[in-house]
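# Remarks on the overall topology
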Amino acid sequence: GCWSNRNGTEDVGLTSKNHATKGCPQPADVEGTVQFDGEGYAAVSRPTRWNPNMSTIMFKFKTFSSDGLLMYMATKDLKDFMSIELSDGHIKVIYDLGSGTGEVISSKSHNDGKWKSFTLSRIQNLVNISIANLETSHEEKMSTTSKGHSSGLNLKDDDRIYFGGLSSLANIRPEVNLRKYAGCLKDIEVSRSSYNLLSSLDYVGITKGCSLEKLHKVSFQKPGYVELKAAPFNPGSKITLSFSTKNDSGIILLGTGSSPPRRKRQAGQAFYGIFLNSGRLEVLMSTGAVNPSRVTLKPEAGIFHDGKEHSISIERAARKTFSVKVDEGKMLTQTLPNDQPINVKKLFVGGIPSNFQALNIPKLPPFEGCIWNLVIDSNTVNFAQHAKFENAELGYCPESESVSVPEEEEEEEE
């Protein structure tokens, strides 16, 4: 059976929750799902019943982010701490019990937008970790031991546990990734105490539910790319997108039928692309001719790499021409040698893989900044339906970027 004292309460996460013994069903709101916007955090109190020598941490997460802080706890003198982070899509755990750190990182990446279950069990300085895919039941296990003879994580009653990021007032170990988390968390439990982050008195940038199914923006803070389903650019086709960046050069969009690595260069490859090249916007298009058709645009005022929103539209007419317009500037038109379709095998946003050889395009660095509202032939691209990505923050752009994405009603996922 199961027994719960309705009059007895336990202080959990700066809110009062009925305490149930192990095996009792937890209230539904404790298992609430929350989404972090990449700029926030939630701080909760340490469990009332805390054993320094033994602890468990459990939660479920779902994200496309490459980097971010999932959980952090530390004593005020920073001698004892533990962090759980995303690092290039892998889960990394670092901790110190006062006599030296222990660190372990998963062999697989876990930022594929699927729900994963994370479980950490610590007995003294030995940590065992399990990360399971809830859809496939595939499980990755790892373990590590911290240095020295110290065996306790000595959190005090007023020490806090952070999820998703840190406040400006938090004590921080230098090893910890300060990047805030963009993604979802649910079913959070620390040493048998359940936490509803929306009941915390100190949180920002989190909302109820989880909506990662429709993502219309992507940001790049280090070299990366997103590969999408290939889309041809034929007579009558139109592509629009918005971007913001502070770099004067980068690959914004590239559709290509380029050959695999080490194959000899060939002329006459069909492709289309949008690039920033030394502060100028370039649109290149080839139906298979040796020399691509090109439109180069200078900003009418200011610069394109000012970190503010800029929009670009390219449209292919039926009379061997295509037109380009940036922001509110004039539309420029360029001729093509024929009306042949531009059928491509690959479509990249933000850059290309390091081992991919693109033919007849400028040698430019990957894009750094934000790209959003990519529309191809009236279809808004959903970055969640990517073919592949690397170092791309799907569905997230920093607050410093001026991003305007149309709101859509999403079903909350509990």
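Because the structure is predicted, anything quoted here is derived from the model rather than measured.

Applying the stated criterion across every chain, the model contains two disulfides. A sulfur-sulfur distance of 2.1 Å marks the disulfide that ties Cys184 to Cys210. Measuring handedness by torsion sign, the sulfur bridge of Cys184 and Cys210 sits at about 90° and is right-handed. Remark: Cys210 occurs in the loop between β15 (202-208) and β16 (217-220) and Cys184 occurs in strand β13 (residues 182-190); sequence separation between them is 26 residues. Residue Cys184 shares its accessibility class with Cys210, and that shared class is buried.

As defined by bridge partners, strand β24 (residues 321-326) adjoins strand β25 (residues 332-335) across four bridges and the pair is classed as antiparallel. By the bridge assignment for β25, Phe322 is matched with Gln334. Adjacent in sequence and paired antiparallel, β24 and β25 are bridged by five residues, among which Asp327 carries a positive phi angle near 50°.

Our focus in this paragraph is the sheet that holds strand β19 (residues 250-256). Across the sheet, seven strands lie side by side as β22-β21-β20-β19-β26-β17-β29; this open sheet has antiparallel pairing. The open sheet terminates on both sides in strands that have one partner only, identified here as β22 (293-297) and β29 (388-390). For this sheet, the mean angle separating the axes of adjacent strands, direction not counted, is 15°. When β19 meets strand β20 (residues 271-277), the two strands line up antiparallel, connected through six bridges. The partner of Leu253 across the bridge, within β20, is Ile274.

Turning to the confidence of the model for the chain, a few remarks are in order. When the pLDDT values of the chain are averaged, the result is 86; 86% of them are 70 or greater. Highest mean pLDDT in the chain belongs to strand β9 (residues 116-123) (97); lowest belongs to strand β1 (residues 4-12) (35). The model gives residues 1-30 a pLDDT under 50, and that stretch makes 50 contacts with residues more than four places away or in other chains. Ignoring residues within four places in sequence, the model shows residues 407-414, a span with pLDDT below 50, making 18 contacts including any to other chains.

Further remarks concern the pairing of strand β18 (residues 238-245). By the criterion of burial, β18 is predominantly enclosed, with six of the eight residues buried. By the bridge criterion, six bridges tie β18 to strand β23 (residues 310-316) in an arrangement that is antiparallel. Directly across from Ile239, in β23, lies its bridge partner Ile314. In the sheet, β18 pairs with strand β27 (residues 369-376) via six bridges, with the strands oriented antiparallel. For Ser242, the partnering residue across the bridge sits in β27 and is Trp372.

Overall, the coordinates contain twelve aromatic pairs when judged by the stated rule. An angle of 50° between the planes, with centres 6.5 Å apart, marks the rings of Phe163 and Tyr195 as tilted. Residue Phe163 is found in strand β12 (residues 160-163), and its partner Tyr195 is found in strand β14 (residues 193-195); the two are separated by 32 residues along the sequence. Residue Phe163 is classed as buried on the basis of its relative accessible area of 0%. Aromatic ring contacts, followed pair by pair, group Phe59, Phe61 and Phe118 into a single cluster.

Applying the stated criterion to the full structure yields 15 salt bridges. Residue Asp112 is joined to Lys116 by a salt bridge in which the shortest nitrogen-to-oxygen separation is 3.3 Å. Of the charged contacts in the structure, one is a salt bridge between Arg294 and Glu282, with a shortest N-O distance of 3.3 Å. With Arg294 in strand β22 and Glu282 in strand β21 (residues 280-286), this residue pair connects regions lying twelve residues apart in the sequence.

Glancing now at the environment of Gly68. Within the secondary structure, Gly68 is located in strand β5 (residues 68-74). The class of Gly68 is buried, set by a relative accessible area of 0%. Separated by 19 residues in the primary sequence, Gly68 and Ser87 have C-alpha atoms spaced 7.0 Å apart. Here Gly68 is in contact with Glu85, Leu86, Asn177, Arg179, Lys180 and Tyr181, once residues within four sequence places are set aside.

In this structure, Lys320 takes a positive phi of about 55° despite not being glycine. The phi dihedral of Ser378 is positive, around 70°, even though this residue is not glycine. Considering the arrangement of structural elements, one finds Ser378 in the loop between β27 and β28 (379-380).

Criteria and cut-off values
- Residues numbered from 1 in each chain as written.
- Predicted model: local features only at pLDDT ≥ 70, side-chain atom pairs only at ≥ 80, totals over all residues.
- Heavy atoms only, no water.
- Disulfide = S-S within 2.5 Å.
- Helix = DSSP H or I, 4+ residues; strand = E, 2+ residues; numbered from the N terminus.
- Buried < 20%, exposed > 50% of the residue type's maximum accessible area, 1.4 Å probe, protein only.
- Pairing = 2+ DSSP bridges.
- Axes fitted to C-alpha atoms, helices over the stretch in contact; angles between N-to-C directions.
- pLDDT = per-residue confidence, 0-100.
- Contact = heavy atoms within 4.5 Å.
- Phe/Tyr/Trp six-rings, centres within 6.5 Å; stacked < 30°, edge-to-face > 60°.
- Salt bridge = Lys/Arg side-chain N within 4 Å of Asp/Glu carboxyl O.

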